Each structure stands twice: as C-alpha cells, then as structure tokens.
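A structural walkthrough
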Amino acid sequence: MSYFLSHLPQIGAMTLQHIALVAGGLAIALIIAVPLGVYAARRPRAGTAIFAAAGIVYVIPSLALLAVAVRYLGLGALPVVLVLAAYAQFVLVRNVAAALANVPRAQLDAADGLGFTRAQRFWRIEVPLATPVMLGGIRLAAVALIAIATLGGYVGAGGLGNEIFLGLQRKYVEQTMAGSIPAAALAVIADWLLRGLERSSRSRWA
C-alpha cells in the first residue's frame, strides 16, 4: 500500500495510458467488426468463413501474436493497439451478426410494408433493436482488452503492465499489485458502465 501511495501520480499516468491503448484497440476493432458482422448476418455462408478466421486469431496466444507484431512494427503502442483490435474481432463480429440476425422478423416486415428502403430499415429498425446485444459484445470485448493491454508494459507501450512486469522482475509484490489492482478496477468500471448503457438501450427499445 505504501508503494501505491508514494507512486500515485505515476500510476495515474499509466492508468490513462492503459485506457488509451484499450480505447484505440476497441475503436479500430469496431471499425472492422461492424461491417464484417453486417455482412456475415446478410451472407451466412460467408459468415462461417469470417467467424473461422476470427477464431483462428483468437486462439493464438496473445504474447506470441504481439511478438510477431513487434517484429514488423517495432516497439511501442502501435503493435499493442493492433493486437487488441485483432483479438476483439472474435467477440465483436459474432456479436454484431447475432444481434442483427435476431431482430424480430415482424419488425422488418412492418418496415417493408411502410415502404422503407433497405438503408432506412437498417438504420431506423435493425440498428436500434440490435444495439442492446451489440453493447453486450462491446462490454465483453472491453473487459478482455483491458487484461490483454497489460502486455503493453512488456514492449514499451506504457500502461499498467509496466508496473506488473517490473514488479514481477524485481519480485516486488507491492509494485505488481500497484499495476494489477487498477487494471482490475478498470475492468469492473468498464463492465458497470457498459452494462448500464445496455440496460438503458433495452428499456428504450422494449
């Protein structure tokens, strides 16, 4: 506890770095995963191949994938952010596809009966009704990425992983905990906030 209190500004800065790594990885992941999920929902056969590809990436050990990324991109935040984006695909693509596939058929038929174009139906009916499930996937991905982002300390990307890895190297439990506890707290807070958004969206579109 004494180490944590004496290094509070440093740990605060690392916490902000950690949030930036996760936010960057999640943003890139969503930019890729949403179109892929939509396509997978529209084309189930293609979706099978997309899910398989995302699954292959997901089962690769994160440290091994990061080592490959560092080899080609060098040390720093970029390889970590890209690895986070790659790992999130497995959860997000499946989640987006499942969310759209489970939109009630009656709602879609009603939109067609009102003369909605496909774009109008997508944005005004499918996206709002699928949003709660999508938020659930984002919540799961965010919590997972917070844990994986601790590897950033291993390759000079900053974040709370710095304290964890230095503490392990020095066999200094207090320093390890100074990185581990804030990382766990971030995961709990992210889960709580996104769960609240998920509940709010469900009640809005119920």
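The text that follows walks through the structure, step by step, so that each part is easy to find.

**Digging into the environment of Val59**
Within the secondary structure, Val59 sits in helix H3 (residues 44-59). Between the alpha carbons of Val59 and Tyr87 there is a distance of 8.9 Å; along the sequence they are 28 residues apart.

**Topic: the packing of H3 against helix H5 (residues 77-101)**
Orientation of H3 relative to H5, taken along the N-to-C sense of each, is 150°, at an axis distance of 7 Å. For the element pair H3 / H5, the angle class is roughly antiparallel. Of the two elements, H3 crosses H5, and the hand of that crossing is left-handed. Together, Ile50, Phe51, Ala54, Gly55, Val57 and Tyr58 of H3 and Ala86, Tyr87, Gln89, Phe90, Val93, Arg94 and Ala97 of H5 make up the contact between the two elements. Its residues assigned to classes, the contact of H3 with H5 shows 10 nonpolar, two polar and one charged.

**Looking at H5**
Its 25 residues give H5 an end-to-end C-alpha distance of 35 Å, which sits within 8% of 36 Å, the value for a rise of 1.5 Å per residue. At Gln89, H5 is deflected by roughly 45°, the largest bend along its length.

**A word on the nonpolar core**
One finds Leu26, Leu66, Val80, Leu84, Leu92 and Leu145 to be the most contacted residues of the largest nonpolar core, which totals 43 residues. Of all elements in the fold, only helix H2 (8-42), H3, helix H4 (62-73), H5, helix H7 (118-148) and helix H9 (173-205) reach the threshold of two or more residues within this core. Top element by residues in this core is H5. It accounts for 10 residues. Not counting residues within four places of it along the chain, the set of residues in contact with Leu84 comprises Leu21, Val22, Gly25, Leu145, Ile148 and Ala149.

How each quantity is defined
- Residues numbered from 1 in each chain as written.
- Predicted model: local features only at pLDDT ≥ 70, side-chain atom pairs only at ≥ 80, totals over all residues.
- Heavy atoms only, no water.
- Helix = DSSP H or I, 4+ residues; strand = E, 2+ residues; numbered from the N terminus.
- Axes fitted to C-alpha atoms, helices over the stretch in contact; angles between N-to-C directions.
- Parallel < 35°, antiparallel > 145°, perpendicular 65-115°, else oblique.
- Left-handed = near helix turned anticlockwise from the far one by under 90°.
- Contact = heavy atoms within 4.5 Å.
- Nonpolar A, V, L, I, M, F, W, Y, C, P; charged D, E, K, R; others polar.
- Expected span 1.5 Å × (residues − 1).
- Bend = angle between axes of the 7 residues up to and from the residue.
- Core = buried A, V, L, I, M, F, W, Y, C linked by side-chain atoms within 4.5 Å.
- Buried < 20%, exposed > 50% of the residue type's maximum accessible area, 1.4 Å probe, protein only.

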